[in-house]
Amino acid sequence: MTDRKPKVVVTRKLPEPVEARMRELFDVVLNDDDRPMDAAALAAAVADTDVLVPTITDQIDKALIAAAGPRLRIIANFGAGVDHIDVEAAHARGIAVTNTPGVLTEDTADMTMALIMAVARRLVEGANIAQAGEFAGWSPTWMLGKRLRGASLGIIGMGRIGQALARRARAFGLAINYHNRKPAGRLIEEELGATYWESLDQMLAHMDIISLNCPHTPATYHLLSARRLKLLQPHAILVNTARGEVIDEAAMANMLQAGELGGAGLDVFEHEPTINPRLLKLANVVLLPHMSSATVEARIEMGEKVMINIRTFLDGHKPPDRVIPSML
Ligand code: 8YV
């Protein structure tokens, strides 16, 4: 690295300790009012910077990468998912891409478990009644949910978050099943007491609860298609803390409305921040505004990872969280 501090453009407001450290390390352009940058602002940014730090709200597509100036060497994403970045186009132009895995695993798994419980035990429905002052008295047959202990959970995607969820779910007495491109290996299966289903269709047909914990890639787009959703049992609960695009949201909304699914806990949506209006009014659905990894600790650790990736790369070494096209 030369004496000149590298220029870093950060597209959204980051936690104060992260921004303070970035000011020390880099010639950094911060986004104080946190307004998402449009395509023109992003193009202007990449035309004249060494480093771009985007988030999920930025579209780093082929056209934007083509507009990058010769200075741009690394796109250090603030976030684990990189489906908003054309990693292949960046790679072809010799621009490195990194992400922030690991530091949001436990928080995301916590929220996934919370959604499973919230839907199965009608937590939000009950809280809304109580907080609206509409609790008219206890009844033996009112607000009945489904017991978790003994239910079967099918995890789609047994990476870090899938495994962290399995550990939690096991403690609640759920039977752990999973589908993944490849089996997770004997040691992990033994630790988690997890059963591998090579056939996603078969697993879907047998589970009480399904949780999506895989990345969004061309291969997982609408993985839960209208056809596959029909394989679920009518009492099944669907939980998604991964990416909205992995489920055919319109087909899911139809089925929830028609009572063909037991319920859904959704933290992510196909066309964020828009949520399919048919999902909004359903009692058996718990909706969150993409907040599974939203803890102070995760956001600070994500920022630290971003800085480590930038520094390591600009110092001429392999950044710890480099993403290359063959990994996707
Ligand atoms: C983050 C996420 O909030 O890291 C991810 O992939 O989906 C989120 O939990 C987001 O990416 C921040 O950019």
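Since we're looking at a predicted model, the values are computed, not measured.

This part covers the site of the ligand. Neighbouring the ligand are T55, I56, F78, G79, A80, G81, L104, R243, H290, S293 and R299. Contact between the ligand and I56: an oxygen atom at 3.4 Å from a main-chain N or O atom of the residue. Within the backbone of F78, an N or O atom sits 2.6 Å from an oxygen atom of the ligand. Bound to the protein, the ligand loses 88% of the 330 Å² it would expose on its own. Taken together, the residues that form the shell around the ligand break down as four nonpolar, five polar and two charged.

The domains assigned to the protein are domain 1 (7-103 + 295-327) and domain 2 (105-287). A combined buried area of about 620 Å² lies between domain 1 and domain 2, and 38% of that area is made up of carbon and sulfur atoms. Three residues stand out in domain 1 for area buried against domain 2, namely I56, D83 and G102, and they jointly supply 57% of the buried area on that side. Residue R243 is joined to D83 by a salt bridge in which the shortest nitrogen-to-oxygen separation is 3.2 Å. Grouping the constituent residues of the side of domain 1 that touches domain 2 by class yields five nonpolar, three polar and one charged.

Below, the discussion takes up the sheet that holds strand β8 (residues 195-196). Each strand in a sheet pairs with another by means of backbone hydrogen bonds, the pair being arranged parallel or else antiparallel. The parallel open sheet is built from seven strands, whose spatial order is β8-β7-β6-β9-β10-β11-β12. Strand pairing shows two members of the sheet lacking a second neighbour, β8 and β12 (285-287), which therefore form its edges. With four bridges joining them, strand β9 (residues 209-212) and strand β10 (residues 237-240) adopt parallel strand pairing. Residue I209 lies in a different strand from β10, and its bridge partner there is I237.

This part covers the nonpolar core. Among the nonpolar cores identified, the biggest contains 30 residues, and I156, I210, L224, L229, L238 and M252 are the most heavily contacted of them. Looking at this core, the elements that each hand over two or more residues are α9 (200-206), β9, α11 (249-257) and β11 (263-266). In terms of residue count, α11 provides more of this core than any other element does, five residues in total. When sequence neighbours within four positions are dropped, the list of residues in contact with L238 reads I210, L224, L229, L232, I247, M252, L261, G263, A264 and G265.

What counts, and where the lines are drawn
Residues numbered from 1 in each chain as written. Predicted model: local features only at pLDDT ≥ 70, side-chain atom pairs only at ≥ 80, totals over all residues. Heavy atoms only, no water. Near = heavy atom within 4 Å. Polar contact = N/O pair within 3.5 Å; in protein donor to acceptor, adjacent residues only side chain to side chain. Areas by Shrake-Rupley, 256 points an atom, 1.4 Å probe, with all protein chains shown as cover. Nonpolar A, V, L, I, M, F, W, Y, C, P; charged D, E, K, R; others polar. Domains from an automatic or database assignment. Buried area = accessible area lost by both parts, 1.4 Å probe. Salt bridge = Lys/Arg side-chain N within 4 Å of Asp/Glu carboxyl O. Pairing = 2+ DSSP bridges. Helix = DSSP H or I, 4+ residues; strand = E, 2+ residues; numbered from the N terminus. Core = buried A, V, L, I, M, F, W, Y, C linked by side-chain atoms within 4.5 Å. Buried < 20%, exposed > 50% of the residue type's maximum accessible area, 1.4 Å probe, protein only. Contact = heavy atoms within 4.5 Å.

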